[in-house]
Amino acid sequence: MSFKLEVMLNSLKVASQYIGTTLSVSFASLLIGSLLGLLIALVRFYRIKVLSQIFSVLITVLKGVPIVLILLAIYLILAKKMDGFAESLGWSLRFKNLNSIYIAIAALSVMATINSSEIFRGTLNSIGKGQQDAAKSIGMSSLQIIRRILIPQSVPVALPMMSNLLIGLIKASALVSMVGAVDVFAAAKISVQQNYRFLEAYIAVAIIYWGINIVIEQSSNLIEKNLNRRLRRDAA
């Protein structure tokens, strides 16, 4: 079977219209996951009783679960339980009216939370304990230590790994079509359903993903350089 450039270009055109959907799902998941992951990392870093053990076990278990199972589990739970729960609270929202994008964001947020919590836990542990002891000696509270010492130093270190996490989320977003959401990957497949030229569609999708990931990687490098330059200037 010969390769048809015009089919690939058409798939590229159609799929490009959904880049915004792919990016919005990925960035929203990264934001939610980063906030929850940082909170979990801090709980484990300070070894808060009960909670740190619960999060440790939960993260260990979820790390072994494929994202596709998490996505389908959230979809099935909502499909069976959401209407009854909403009705008990007097809400008019029903599962059939729920935008499937939110299900995708919820599933990818779980993935982002798991990975970002491990990233932040590693960066927090890399900060010398002497800095925290010095801060306590001058009367700083735990919240002030977190805000002024731990987070400012851990974010630049975590940035390259968070960039890789974002790239992973963008690639994982190709699974959202399983719950009815239309993204770059799903749009490309839809564009060739009549002629079954899936090879051309997949190449078009790969080109889009490559382009997005290159932009993210280069942007991350620039941000990292600026942050490191600022930290060196502040230290001087």
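For clarity, every value in this text was computed on a predicted model and none was experimentally measured.

Asks: Now, about the environment of Ile 212: what can you tell me, with residues and values included?
Replies: Counting through the fold element by element, Ile 212 comes out in helix α9 (residues 198–235). Residue Ile 212 is classed as buried on the basis of its relative accessible area of 10%. Separated by 40 residues in sequence, Ile 212 and Ala 172 place their C-alpha atoms 14 Å apart. Sequence-distant contacts of Ile 212, defined by excluding residues within four places in its chain, comprise Ile 19, Leu 23 and Ile 170.

Asks: An account of helix α4 (residues 67–88) is requested, with residue identities and associated values reported.
Replies: Taking 1.5 Å per residue, 22 residues should reach 32 Å; α4 reaches 30 Å between its end C-alpha atoms and fits that length. Residues Ile 67, Ile 70, Leu 71, Ile 74, Met 82 and Ala 86 constitute the buried set of α4. Where α4 is buried, its residues touch α5 (100–125).

Asks: Requested: an account of the environment of Ser 220, with residues and values cited.
Replies: Structurally, Ser 220 is set in helix α9. Spatially, the C-alpha atom of Ser 220 lies 6.4 Å from that of Ser 163, the residues being 57 residues apart in sequence. Discounting chain neighbours no more than four positions away, the residues touching Ser 220 are Leu 159, Pro 160 and Ser 163.

Asks: Please provide a residue-by-residue account of the packing of α4 against α5, values included.
Replies: Between α4 and α5, whose axes approach to 9 Å, the crossing angle comes to 135°. Taken together, the axes of α4 and α5 are oblique relative to one another. Like other packed secondary-structure pairs, α4 and α5 cross with a definite hand, here right-handed. Where α4 abuts α5, its residues Ile 67, Ile 70, Leu 71, Ile 74, Tyr 75 and Leu 78 lie against Ile 103, Ala 104, Ala 106, Ala 107, Leu 108, Val 110 and Met 111. In the contact of α4 with α5, the residues fall into 13 nonpolar, no polar and no charged.

Asks: Give a description of the nonpolar core that names residues and reports values.
Replies: Within the largest apolar cluster, 53 residues are counted, with the highest numbers of intra-cluster contacts made by Leu 108, Leu 150, Met 162 and Leu 169. Mapped by element, the contributors of at least two residues to this core are α1 (5–16), α2 (19–45), α4, α5, α7 (142–172), α8 (184–191) and α9. Top contributing element to this core by residue count: α7, with 12 residues. Discounting residues that sit within four places of it in the chain, Met 162 has contacts with Leu 30, Ser 34, Ser 116, Ile 119 and Phe 120.

Asks: Go over the pattern of salt bridges with me, naming the residues and quoting the values.
Replies: For the coordinates displayed, the defined rule picks out four salt bridges. We note a salt bridge from Glu 118 to Arg 44, for which the minimum N-O separation is 2.9 Å. Of this pair, Glu 118 sits in helix α5 while Arg 44 sits in helix α2, and the two are 74 residues apart along the sequence. Among the residues examined, Glu 118 registers a relative accessible area of 24% and is labelled partly exposed. Among the salt bridges present, the one from Glu 118 reaches Lys 63, with a minimum N-O distance of 3.3 Å. Residue Glu 118 is found in helix α5, and its partner Lys 63 is found in helix α3 (residues 51–63); the two are separated by 55 residues along the sequence.

Asks: Tell me about the side chain of Ser 173, and please be specific about residues and values.
Replies: If you trace the backbone, Ser 173 turns up in the loop between α7 and α8. A residue is classified by how much of its surface remains accessible, and Ser 173, at 1% relative accessible area, is buried. Setting aside its immediate chain neighbours within four residues, Ser 173 contacts Thr 22, Ser 26, Leu 108, Asp 183 and Tyr 209.

Asks: How would you explain the packing of α2 against α7 if you had to name every residue and give the values?
Replies: Where α2 contacts α7, the axes come no closer than 10 Å and their chain directions differ by 140°. Relative to α7, the element α2 is oriented oblique. At the point where α2 passes α7, the crossing takes the right-handed sense. Facing Thr 22, Leu 23, Ser 26, Phe 27, Ser 29, Leu 30, Ser 34, Leu 38, Leu 42 and Phe 45 of α2, the residues of α7 in contact are Ile 146, Leu 150, Ile 151, Met 162, Leu 165, Leu 166, Leu 169 and Ile 170. Taken together, the residues that form the contact of α2 with α7 break down as 14 nonpolar, four polar and no charged.

How each quantity is defined
Residues numbered from 1 in each chain as written. Predicted model: local features only at pLDDT ≥ 70, side-chain atom pairs only at ≥ 80, totals over all residues. Heavy atoms only, no water. Helix = DSSP H or I, 4+ residues; strand = E, 2+ residues; numbered from the N terminus. Buried < 20%, exposed > 50% of the residue type's maximum accessible area, 1.4 Å probe, protein only. Contact = heavy atoms within 4.5 Å. Expected span 1.5 Å × (residues − 1). Axes fitted to C-alpha atoms, helices over the stretch in contact; angles between N-to-C directions. Parallel < 35°, antiparallel > 145°, perpendicular 65-115°, else oblique. Left-handed = near helix turned anticlockwise from the far one by under 90°. Nonpolar A, V, L, I, M, F, W, Y, C, P; charged D, E, K, R; others polar. Core = buried A, V, L, I, M, F, W, Y, C linked by side-chain atoms within 4.5 Å. Salt bridge = Lys/Arg side-chain N within 4 Å of Asp/Glu carboxyl O.

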